[in-house]
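As a plain string of letters, each chain reads:
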Amino acid sequence: MSVLTVAMPKGRIFQDAAALMVKAGYQIPPDLEDSRKLIIDVSAENMRFILAKPMDVATYVEQGVADIGIAGKDVMLEEERDVYEVLDLKISECYLAVAGLPGTEMKDVAPKIATKYPNIASSYYREQGEQVEIIKLNGSIELAPLIGLSDRIVDIVSTGRTLKENGLVEFERIVDITSRLIVNPVSYRLKDQQIDLLVNRLASVVEED
Ligand code: PRP
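Residues numbered from 1 in each chain as written. Predicted model: local features only at pLDDT ≥ 70, side-chain atom pairs only at ≥ 80, totals over all residues. Heavy atoms only, no water.

Caption draft 1: Region of the structure containing the overall build of the protein chain. Check the secondary structure of the protein chain and you find eight helices and 11 strands. Along the longest, intermediate and shortest principal axes, the C-alpha atoms of the protein chain span 60 × 35 × 30 Å. Scored against the burial criterion, the 209 residues of the protein chain give a buried share of 45%. Here the contacts in the protein chain between residues at least 6 apart in sequence split such that 69% fall between residues at least 24 apart. When the accessible surface of the protein chain is summed, it comes to about 11300 Å², and 47% of that surface belongs to carbon and sulfur atoms. Here the protein chain contributes 23 positive and 34 negative side-chain charges, whose respective centroids are spaced 4 Å apart. (Helix = DSSP H or I, 4+ residues; strand = E, 2+ residues; numbered from the N terminus. Buried < 20%, exposed > 50% of the residue type's maximum accessible area, 1.4 Å probe, protein only. Contact = heavy atoms within 4.5 Å. Areas by Shrake-Rupley, 256 points an atom, 1.4 Å probe, with all protein chains shown as cover. Lys, Arg positive; Asp, Glu negative; His and termini not counted. Charge placed at Lys NZ, Arg CZ, Asp CG, Glu CD.)

Caption draft 2: How the structure looks around the site of the ligand. Of all residues adjacent to the ligand, which total 13 residues, the nearest are Lys116, Glu142, Thr159, Gly160 and Thr162. Asp155 is positioned such that a nitrogen or oxygen atom in its side chain is 2.7 Å from an oxygen atom of the ligand. A distance of 3.4 Å separates an oxygen atom of the ligand from a polar backbone atom of Arg161. Protein contacts shield 75% of the accessible area of the ligand, which totals 490 Å² for the unbound molecule. Among the elements that take part in the shell around the ligand, strand β9 (residues 152-157) stands out by supplying three residues, more than any other. (Near = heavy atom within 4 Å. Polar contact = N/O pair within 3.5 Å; in protein donor to acceptor, adjacent residues only side chain to side chain.)

Caption draft 3: Spatial organisation of the side chain of Arg152. Positionally, Arg152 belongs in strand β9. Glu105 provides the closest opposite charge to the buried, unpaired Arg152, separated from it by 5.7 Å. Ignoring anything within four residues of it in the chain, the contact list for Arg152 reads Val98, Ala99, Gly100, Thr104, Glu105, Met106, Lys112, Ile113, Ala114, Tyr125 and Phe171. (Salt bridge = Lys/Arg side-chain N within 4 Å of Asp/Glu carboxyl O.)

Caption draft 4: Local environment of unusual backbone geometry. Positive phi, close to 50 degrees, is recorded for Ser92, a residue that is not glycine. Tracing the backbone through its elements, the reader meets Ser92 in the loop between β5 (84-88) and β6 (94-100). Even without a glycine there, the phi angle at Ala110 is positive, about 40 degrees. Relative to the helices and strands, Ala110 resides in the loop between β6 and β7 (112-115).

Here it is, written out as structure tokens:
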């Protein structure tokens, strides 16, 4: 049996994803993310984990250097990828929303929208029939309206704490997000039994609504 390479997202999704794997009976070390190591072999499971930035997980899977990966639906919506999305893991629930300073109107002409998700934000405003200027940022998006860089932000809301602590409010909810199991199409052909087993084991422990 060949080794299955799994791209895991570092950061907030990681703990939920690792917990789900453990629940599905995989013996993965609890301190997987604690070290600075980026490649961890778990020979007992015939698996190799690579720890990637969440936005990059789909790239590793699409390129075939990882057979499977765990990626947020936000990442999948933002960048079209040639991968199979095989299972909604129903972990790391959050949503994408439009937020800004309370009591403010968007500028009539070319309002500015700051976001880590330029494609999602563009199509959202296109559907609304509004012409906006998208400003791409890489993090701390909530700063933008506070310092006058943008009229609104399009960003992830999880607990709502970041918005609240920065005096921002949510205006519209765009889409609900959970993490997904994604698979490289060629890997799915070559390692179908191994991958099916993993998908089934994970599916059996996914929390039903
Ligand atoms: C995300 C998101 C919000 C925050 C929402 O940022 O962009 O800023 O989490 O979470 P909350 O509703 O629970 O407060 P993240 O911490 O991933 O870092 P970033 O600012 O680098 O994007």
